[in-house]
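Examination of the molecular architecture
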Amino acid sequence: MSTPKRIYALSADEAAEAENLTLRISKEYSGPADEQLLRDLPLLAAELPVGQRRFLRDFALEDELGYAVVRGHNIDDARIGPTPQHWRGRPTPTPEFAEEILLLLHGSLLGEPFGWKTQQDARLVHDIFPIQGFETEQMGIGSTDTLTLHTEDAFHPWRADYLLLECLRNPDKVATIVSEPDLRSLDAKHLELLHEPNFLIRPDDSHLAKHNETKGVDAEFSEIAEMKADDNRVAVLYGSREHPYIRIDPYFMETPTDPAAREALQAVSDLLEASCLDVALEPGDVLIINNHRLAHGRQAFQARYDGTDRWLKRVSITTDLRKSHERRASATARLI
Ligand SMILES: O=C(O)CCC(=O)C(=O)O
Ligand SMILES: [Fe+2]
């Protein structure tokens, strides 16, 4: 077995190969939600450099690391244009369609891309940049407050297996926070309680109807509203006792009334905070998050709002589309 690696740095030739590929594909499909593109992704991904593909496959199969970075893609700053003011009201395809394709190609080597009907107006590939008026929000579009550590969509049973973030620009080197705790260092009594369904994780605010304009998804927004209030307790740790997986979002979790469960949640939250590292993404980086092992967040920063702000693209990947079958419009639909 090879040792898991953290970074794959593309050579200049590999970067050119990947760029030529995504530019070609961007002329052959209509946008990131093009049904034919989504069908073809794994076939197209076979044209990415072999070292890059092997790196992603090792990361997924070994299931050891919480995150890895593929570094060194070319980003054509002039073609993608200024960082937008908002993700709503953009053209299809956008000038950065080739970059969206790059993210989707990475995702298709790990599973199937999917999106939420209740998030970013049901778009499959999300934009992460600061939006005026949302500075203090606990969402990707916030800025002045630290985005606290979380599992992506921790509240939901169909949450992503992998979350991919691609950096288009980051002039102030604003860091993504990663925390890959050694859960075996927790006390046995805390571990035991964390493996039991003692905890309430609420939906985060990006899924609220007030942040979306999507029509015809009242049932989905009602379900989110119910999840804001129900008593469906879940375990924070799951999988093997020796090397557990984690789902956690302390900011959106209720403090358990039971003192022992409260203490266990505090212990794992403290461990997460103590295990934090900053990763400042560079343009051309693709950050691959194992959403069963890593909690992530973002350092606070001052937005510029002048077209040069930090700009990431994000996509959620599932290894099992079938589990959300009841919510998707057809076998190949991506929105849940
Ligand atoms: O902006 C970042 O680096 C991470 C934001 C985040 O948590 C996300 O996009 O899911
Ligand atoms: Fe996140």
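Residues numbered from 1 in each chain as written. Chains lettered and ligands numbered in written order. Predicted model: local features only at pLDDT ≥ 70, side-chain atom pairs only at ≥ 80, totals over all residues. Heavy atoms only, no water.

The line we're drawing: UniProt positions are given in the numbering used here, feature names are shortened, and annotations may be inferred rather than shown by experiment.
The name an unreviewed UniProt entry gives the protein is Arginine beta-hydroxylase, Fe(II)/alpha-ketoglutarate-dependent, with Lentzea flaviverrucosa as the organism. Regarding the protein, the UniProt comment filed under Sequence similarities (unreviewed entry) reads as follows: "Belongs to the clavaminate synthase family." Quoted verbatim from the Cofactor (unreviewed entry) field of UniProt, the annotation for the protein is "Fe(2+)".

Observations concerning the nonpolar core
Spelled out, the test is: The definition of a nonpolar core used throughout is a set of buried Ala, Val, Leu, Ile, Met, Phe, Trp, Tyr and Cys residues joined through side-chain atoms within 4.5 Å. Partly exposed describes any residue whose relative accessible area lies between the buried limit of under 20% and the exposed limit of over 50%, with all areas from a 1.4 Å probe on protein chains only and scaled to the type maximum. A run of H or I in DSSP counts as a helix once it spans at least four residues, and a run of E counts as a strand once it spans at least two, with each numbered from the N terminus. Note on contacts: a residue pair is in contact if any heavy atoms of the two residues lie within 4.5 Å.
One finds Ile25, Leu37, Val70, Leu105, Leu164 and Ile288 to be the most contacted residues of the largest nonpolar core, which totals 34 residues. At the level of elements, helix H1 (12-28), helix H2 (35-45), helix H3 (50-62), strand S2 (67-71), helix H5 (97-108), strand S6 (162-169), strand S11 (286-290) and strand S13 (311-318) are the ones that each hand at least two residues to this core. No other element matches the 6 residues that H5 contributes to this core. Apart from residues no more than four positions distant in its own chain, Ile25 is found in contact with Leu37, Leu44, Ile101 and Leu105. Of all hydrophobic cores here, the second largest spans 26 residues; its members include Leu186, Val234, Met253 and Leu272.

Things to note about the side chain of Glu152
Test applied: Pairs of N or O atoms are called polar contacts if they sit within 3.5 Å, as long as, within protein, a hydrogen donor faces a hydrogen acceptor (for residues adjacent in sequence, only side-chain-to-side-chain pairs).
As for its placement among the helices and strands, Glu152 is situated in the loop between strand S5 (147-150) and S6. At 3.0 Å, the side chain of Glu152 forms a polar contact with the side chain of His296. Reaching out from Glu152, the side chain makes a polar contact with the side chain of Arg314 at a distance of 3.1 Å. Apart from residues lying up to four places away in sequence, Glu152 is in contact with Arg159, Leu163, Asn291, His296 and Arg314.

Remarks on the coordination of the iron ion (ligand 2)
The textbook angles at a metal center are 109.5 degrees for a tetrahedron of four donors and 90 or 180 degrees for an octahedron of six. Which entries qualify depends on this criterion: Donor atoms (N, O, S) are those found within 2.8 Å of the metal centre, with the cutoff raised to 3.2 Å for Na, K and Ca; water is not part of the atom list, so apparent gaps in a site can occur.
Protein-derived coordination of the iron ion (ligand 2) comes from His150 (NE2), Glu152 (OE) and His296 (NE2), at a distance range of 2.1 Å. Mapped onto the sequence, the residues coordinating the iron ion (ligand 2) show the spacing H-x1-E-x143-H. With His150 in strand S5 and His296 in strand S12 (residues 295-298), this residue pair connects regions lying 146 residues apart in the sequence. Assessed through its relative accessible area of 10%, His150 is described here as buried.

Focus on the packing of H2 against H5
Short version of the rule: For helices, the axis comes from a line fit to the C-alpha atoms of the stretch in contact; other axes are also lines fit to C-alpha atoms, and the angle between any two N-to-C directions lies between 0 and 180 degrees. To sort the angles, those under 35 degrees are grouped as roughly parallel, those over 145 as roughly antiparallel, those from 65 to 115 as roughly perpendicular, and the leftovers as oblique. Think of it as three bins: nonpolar holds Ala, Val, Leu, Ile, Met, Phe, Trp, Tyr, Cys and Pro, charged holds Asp, Glu, Lys and Arg, and polar takes everything else, Gly as well.
Contact pair H2 / H5: the axes reach a minimum separation of 9 Å and the direction vectors enclose 70 degrees. In terms of orientation, H2 lies roughly perpendicular with respect to H5. Along its contact with H2, which presents Leu37, Leu41, Pro42, Leu44 and Ala45, the element H5 presents Phe97, Ile101, Leu104, Leu105 and Ser108. Broken down by class, the residue content of the contact of H2 with H5 amounts to 9 nonpolar, 1 polar and no charged.

Here's the deal with the environment of Thr319
Its location among the elements puts Thr319 in the segment after S13. Contacts of Thr319, omitting those with residues within four sequence positions, involve Leu110, Asp161 and Tyr162.

Points about the pattern of salt bridges
We count it as follows: Just to be clear on terms, a salt bridge is a Lys or Arg side-chain nitrogen sitting within 4 Å of an Asp or Glu carboxyl oxygen.
Going through the model one piece at a time under the given rule, you end up with 31 salt bridges. Asp63 is paired through a salt bridge with Arg293; the nearest N and O atoms lie 3.8 Å apart. Linking Asp63 in the loop between H3 and S2 with Arg293 in the loop between S11 and S12, this pair joins segments that are 230 residues apart in sequence. Accessibility assignment for this pair places Asp63 and Arg293 in one class, buried. For Arg233, the salt bridge identified is with Asp231, shortest N-O distance 2.9 Å. Exposure remark for Asp231: the relative accessible area of 54% places this residue in the exposed category. Within this structure, Arg90, Glu96, Glu100, Arg123, Asp127 and Lys313 form a network of salt bridges that share partners.

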